[in-house]
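Summary of structural features
Letter by letter, the chains look like this.
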Amino acid sequence: MSSRTPTWRDIPISNLGSTKMTVLNKTGDWRTFKPVVDVDTCIQCGTCVTFCPEGIITMGDMGAEIDYYFCKGCGVCANECPVKAIEMVKEE
Amino acid sequence: MPSQSNRDGKRGIIGGNNMSKRMLLDGNHAAAWSARLAKAQVIPIYPITPQTECCTQLSEFVEHGEMPWASYVTPESEHAVMGIACGASAGGARVFTSSAAQGVVFMEENIWIAAGNRLPIVMCIVNRAIANPGSLRPDCNDSLLQRDAGWIQLYCEDAQDALDTGIQMFKICEDERVYLPGIFAFEGYVVGHCAIPVELPDPEEVDDFLPPYKHKFISLDPELRKYTTTTTPRRGEFGTERVYQMQVAMENAKKVIKEVNEDYAKRFGRKYGNGLIEKYRCEDADALLITMGSITGTARKIVDDLREEGEPIGLVKLRSFRPFPTEDLREAVKGVKAVGFVDRNRSPGSSGGGIGRIETANALYSLTEKPLLLGFFVGLVGRDVMPGDVRFIAEKVLKAAETGKAEKDTYWVQLKGEEI
C-alpha cells in the first residue's frame with residue numbers, strides 16, 4: 001500500500017469479500033491471545049487453514065503461517081489442530 | 001385469477017414454449033413472473049397481505065419444477081428474509097423477494113445492510129398502508145420509508161409495468177456502475193389484485209437481455225480465498241467515502257435506468273417514458289400534475305378530458321423515485337406555471353406536503369424561474385382515489401396556473417369535515 005491517504009476511489013464498495021477493506025483496517029490489535037505455531041510439531045495438514053474464520057492462515061514450507069496483522073485471536077485454529085501444535089499465548 | 005399451473009399437473013400455457021405470450025395477470029402474479037423470467041436463484045420470502053399471491057405463485061413455480069434453478073426459502077420472519085437475501089446475494093446468487101407494509105418495516109435493519117454492502121437484491125413491494133392507522137389497502141409509505149437507505153425505487157402503474165420493471169430492475173441493479181439493491185413497487189389491490197392482459201416476453205430473449213449475475217467486486221467463494229468480514233471500519237475511517245460511493249452509484253443509475261429502458265424497448269417493444277419520468281400531453285402545458293403508481297392511469301383520463309375542454313394541462317409520471325430525476329423534472333417544468341404533486345403518502349409535520357412534494361420542491365428550488373408547487377394528499381390509508389378526486393386536483397392546479405397564486409401549499413383532498 002502506498003503512503004498516500006486512500007480516497008473514495010481507492011476503497012472497496014462493500015465490506016464483503018474484499019481484501020482491501022481489511023488491508024486498510026489492520027485488526028490484529030484486537031487480540032488478547034495470540035496463536036503461536038510450533039513448527040516442529042506441525043504436520044502441515046492444513047486443518048487450521050480451513051477453519052480460520054478470517055482466512056489469514058497459509059501453509060508455508062515450515063508449517064502454518066499466521067498473518068498477525070489480521071488475526072483476532074479467536075483460538076479456533078488451536079482448538080482444531082489435531083496435533084496441538086498451536087498454543088494461545090496472552091498478548092503482552 | 002386463473003391458475004397458471006393446472007391442478008392435474010399440466011402446465012401448458014397459451015402459445016406453447018419459447019414464445020412470447022399474453023396472459024391475464026394481476027400485479028402480484030406479474031411480479032412473480034418477472035422473477036421467473038429473470039431466473040432468480042434464491043427466493044427468501046414471507047407472505048403478507050396484499051403480497052401473498054406473489055409468494056404463492058413463486059412457490060407453485062418452484063414446486064412444479066418450472067424454476068429448477070431456484071431455491072425457495074421460507075424463513076421465520078421478514079427480518080430473516082432480508083438477512084438470507086443478503087447472504088445469498090453475497091454468495092453469488094440472483095435474489096428476489098417481496099413484501100409489504102409491516103413486513104417491510106420489520107426488514108428495516110437488513111435493508112440498510114443490503115444497500116451498504118452493495119448487494120443487487122431485487123424486492124417487489126406491494127404497497128399497503130403501514131399501521132397505525134393501518135389498512136390492508138394501499139398507500140406508499142412502506143416503500144417510501146426506504147428513501148434514505150440507498151435502494152433504487154421504481155413505481156409501476158399496472159401489471160404489465162410491474163412485469164417489465166421487475167425484469168429491468170435486475171439489469172439495473174446488477175450493472176457494475178450501480179451495484180445497489182432495487183425496489184419496484186405498486187399499490188396492493190389497485191394494481192396488485194387487478195388483472196389485465198399482460199404480454200410475457202420469450203424466456204430466451206429475456207436470457208439474452210439479462211445475462212447471469214456475477215458481482216465484480218464481491219465474492220464469498222471459498223476457492224478465491226479472500227478475506228471476508230462484515231466489520232464496520234473502526235472510527236468510521238472510510239464511512240464518508242463509502243456513502244459518497246453510493247451517491248455516485250445513484251447518479252450512475254439515472255443513466256443506467258435510461259439505457260435499460262431503451263434496450264428493453266428495442267427488444268420487447270414496450271417503453272416507459274425515458275425510464276425515469278414519462279411525460280403525457282405536456283406540450284404547451286401551463287399546469288402539470290405529477291403522479292406515482294396507479295393514480296397515473298386515472299390522471300391520464302382526466303388530462304384527456306381537460307385537454308378536450310381546452311385546458312392547458314399535462315401529466316408527468318414519476319417512475320423513478322430513487323434516484324430522483326431532478327434534471328428531468330427541471331426540464332419538464334420549463335414554461336409551466338403551476339405543478340401539483342399527487343402524494344399517496346403521509347409525513348406529518350413535514351416542511352410542507354407529502355414526500356413527493358418535499359422532493360420536488362427541493363429539485364426545483366434552485367431554478368430562477370420556477371412554477372408554483374401545490375401538494376395534494378389523496379388516497380391515504382387505502383382510500384380509493386376516484387376520477388373526481390383527480391379532477392378536483394387538476395382544477396386546483398389549473399386555477400393556480402391561471403391566477404398565478406396558490407391558495408394553499410397543501411390540500412387534504414377527501415378530508416371529511418374540511419371545506420377546501
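Residues numbered from 1 in each chain as written. Chains lettered and ligands numbered in written order. Predicted model: local features only at pLDDT ≥ 70, side-chain atom pairs only at ≥ 80, totals over all residues. Heavy atoms only, no water.

Digging into the pairing of strand β1 (residues 21-25) of chain B
Residues and elements named next belong to chain B. Side-chain alternation along β1 places Lys-21, Met-23 and Leu-25 on a buried face and Arg-22 and Leu-24 on a face that remains uncovered. With five bridges joining them, β1 and strand β8 (residues 196-200) adopt antiparallel strand pairing. Each bridged residue has a counterpart across the sheet, and for Leu-25 the counterpart in β8 is Ile-196. (Buried < 20%, exposed > 50% of the residue type's maximum accessible area, 1.4 Å probe, protein only. Helix = DSSP H or I, 4+ residues; strand = E, 2+ residues; numbered from the N terminus. Pairing = 2+ DSSP bridges.)

Observations regarding the nonpolar core
Residue and element names in this part refer to chain B. Within the largest apolar cluster, 100 residues are counted, with the highest numbers of intra-cluster contacts made by Leu-58, Phe-96, Trp-151 and Ile-152. Residue contributions to this core peak at nine residues, all from helix α8 (residues 239-268). Discounting chain neighbours no more than four positions away, the residues touching Trp-151 are Met-82, Ile-111, Ala-114, Ala-115, Ile-121, Met-123, Pro-181, Gly-182, Ile-183, Met-250 and Arg-322. Counting residues in hydrophobic clusters, the runner-up holds 24 residues, among them Leu-289, Val-303, Leu-398 and Tyr-411. (Core = buried A, V, L, I, M, F, W, Y, C linked by side-chain atoms within 4.5 Å. Contact = heavy atoms within 4.5 Å.)

Structural notes on the confidence of the model for chain B
Residues and elements named next belong to chain B. Across chain B, the average pLDDT comes to 91, with 90% of residues at 70 or higher. Under a pLDDT of 50 for its full length, residues 1-18 has, in the predicted model, 31 contacts with residues more than four places off or in other chains. Segment residues 227-233: pLDDT under 50, and 23 contacts once partners within four positions in sequence are set aside and those in other chains are kept. The ipTM assigned to the predicted complex is 0.72, against a pTM of 0.83. (pLDDT = per-residue confidence, 0-100.)

Some remarks on the environment of B:Glu278
Residues and elements named next belong to chain B. One can find Glu-278 in strand β9 (residues 277-280). Sequence-distant contacts of Glu-278, defined by excluding residues within four places in its chain, comprise Tyr-272, Gly-273, Arg-300, Leu-315, Val-316 and Lys-317. Side-chain polar atoms of Glu-278 contact the side chain of Arg-300, separated by 3.1 Å. (Polar contact = N/O pair within 3.5 Å; in protein donor to acceptor, adjacent residues only side chain to side chain.)

Some remarks on the side chain of B:Ser135
Residues and elements named next belong to chain B. You can see Ser-135 is positioned in the loop between β5 (122-127) and α5 (141-144). Residue Ser-135 is classed as buried on the basis of its relative accessible area, which comes to 19%. Among the polar contacts made by the side chain of Ser-135, one reaches the main-chain amide nitrogen of Arg-137 at a distance of 2.8 Å. Here Ser-135 is in contact with Arg-128, Ala-129 and Val-381, once residues within four sequence places are set aside.

Details of the environment of B:Ala100
Residue and element names in this part refer to chain B. Relative to the helices and strands, Ala-100 is located in the loop between β4 (96-99) and α4 (101-116). Residue Ala-100 is classed as buried on the basis of its relative accessible area, which comes to 0%. Here the alpha-carbon distance between Ala-100 and Gly-188, two residues 88 residues apart in the chain, equals 8.6 Å. Excluding anything up to four places from it in sequence, Ala-100 contacts Ile-48, Thr-49, Pro-50, Gln-51, Val-126, Arg-128 and Asp-142.

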